[in-house]
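Chain by chain, the residues run as shown.
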Amino acid sequence: MLDYYVNAGPIADALTSGGEAVIIRGWIHRKRSSGGKQFVIVRDRTATIQCIVDKAKVSDAEWKAMDSAYLESSIILRGIVRKDERAPGGAEMDVAELRIVHSGEQFPITEYQSPEFLLDVRHLWVRSQRLIKAMETRSYVFRYARKFLDKNGFYEITPPLLTKAGGETGASMFEVDYFGQKAYLTESSQLYAEAMIYSLEKVYSFAPSYRAEKSRTTKHLTEYWHLEPEMAYFNNAKNMKLQEKLVSYMATSLAKEHEDILQAFSVNKDDLLKIRPPFKRITYEKAIDILNQKGAKKQWGDDLGVEEERMLTAEEDKPIFIYNWPKEIKAFYMPVNPKDPRTVLCADMQAPHGHGEIIGSSERIWKLDELLERMKEVHLNLENYQWYIDLRKYGSVPHAGFGLGIERVIKWLLNLDHIRDAIPFPRLINRISP
Ligand code: 4AD
Ligand code: MG
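All of the points below concern the structure found in this document.

1. A word on the pattern of salt bridges
Point 1. In the structure shown here, the tally under the stated rule is 29 salt bridges.
Point 2. Between E377 and K327 there is a salt bridge, and its shortest N-O distance comes to 3.5 Å. Of the two residues, E377 sits in helix α12 (residues 368-377) while K327 sits in the loop between β13 (320-323) and β14 (346-351), which places them 50 residues apart along the sequence.
Point 3. With relative accessibility at 39%, the residue E377 sits in the partly exposed group.
Point 4. The class for K327 is buried, based on a relative accessible area of 16%.
Point 5. The shortest N-O distance in the salt bridge between K330 and D348 comes to 2.9 Å. Of this pair, K330 sits in the loop between β13 and β14 while D348 is found in strand β14, placing the two residues 18 residues apart along the sequence. Like D348, K330 is buried.

2. Here's the deal with helix α7 (residues 236-257)
Point 1. With 22 residues, α7 ought to run about 32 Å at 1.5 Å a step, and its terminal C-alpha atoms sit 32 Å apart, in line with that.
Point 2. Taken across its 22 residues, α7 has 16 buried, putting it largely inside the fold.

3. A few points about helix α10 (residues 284-293)
In an α-helix, one turn spans 3.6 residues, which is why side chains three or four residues apart end up on the same side.
Point 1. For α10, the full list of buried residues reads Y284, A287, I288, I290 and L291. Down the axis, α10 shows its buried residues gathered within 160° of arc, on one side only.
Point 2. Among the structural elements, β12 (280-283), α11 (306-313) and β13 are those in contact with the buried residues of α10.
Point 3. Of the residues flanking the end of α10, it is G295, one or two places downstream, whose phi is positive at about 100°.

Each value, and the rule that gives it
Residues numbered from 1 in each chain as written. Chains lettered and ligands numbered in written order. Predicted model: local features only at pLDDT ≥ 70, side-chain atom pairs only at ≥ 80, totals over all residues. Heavy atoms only, no water. Salt bridge = Lys/Arg side-chain N within 4 Å of Asp/Glu carboxyl O. Helix = DSSP H or I, 4+ residues; strand = E, 2+ residues; numbered from the N terminus. Buried < 20%, exposed > 50% of the residue type's maximum accessible area, 1.4 Å probe, protein only. Expected span 1.5 Å × (residues − 1). Arc of directions from axis to C-beta. Contact = heavy atoms within 4.5 Å.

Have a look at this one:
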């Protein structure tokens, strides 16, 4: 019977079965033995269940196999599930037949391990309850993002990740030897998304971005997943409205559909249900004032670091926008604010409680002369950007877009201490393996 493992069902179904024999398959999560019985907790994708293996009721070979099986062995079991209030999950299985599919070697992860070791064995640690829940969340957040943009008339586009054109100030890029030519891993797909609005009008790319920043913080990855919508005929105000709707959709959908996950991370469902538009909007100038009132010594023109972001959002329950930043600390493609030419028409979204910037956004310079002037000012090699400059020569239109760091959003939604647990195989400055 156990050979027919294709007939095995999910543990979640077994837990509610009505006394008939069921077959489950999964991995040994915990086990202990006492008085001729082994109590084995088996997990699969859907649930965990305690299985009782009684020496008197299984064969000698089965008993021995179970006795010597290591944690994380794969296993198939047949038996009857009995309701039992005391059991975790409210039911347990009396095992009639079992087979260890693979026992292999002793699992290297035991109860207390250093974070560094857990990163070394990340390929195994992804089986932990914490990471299972975090990766489940990641999958949902990806889905919500695509669903929202789909419903709002966007097309998904796929940009190249190898490029010669960068976009962001300050962010350094990983260089690649492209058959003797100098190329880079992309730090943003925005410039390519811009090229696509002239046909599809509202587009988004959802792809990795690479940052060779030597930032050793709890919110920087060197490879992260970047959601970048770009829209024809949008200005800063309309852009912000779209962003708050998207972020609200992600937070409230997770709260409504997956309260169990939130509980596992001690996140209050109601806190996420409150994430609804409108979000507070303050100018950069106002942000500097607030910071100085709170005792920070900041001058107009300074960029904001982790500590300033925390000071600005520690008391906030919802994300906030900080808009119209000084031109010098923002990227070349942002247009000057006609009402204050020291600033550009842009907005960053900051997550509450100090989780930091989750979105960078702006209008884009759409007039040729203005773009060329600005590119020269910041000494870009125009040769690598000819195609981007071209976009301002044929039917250019006002447009805007934004980039959302999906791991930053997950870090905030689950209140994670470190961004590394928002991605299965984090790339950090000191880690590129496994
Ligand atoms: O603010 P950034 O650098 O903006 C851009 O790249 C624009 N081209 C986006 C656009 O308008 N299409 O990055 C956007 C977002 C940040 O707000 C942050 O959420 C995330 O990308 N991000 C990172 N996430 C993880 N690790 C890093 N090192 C990140 N750098 C940026
Ligand atoms: Mg930014």
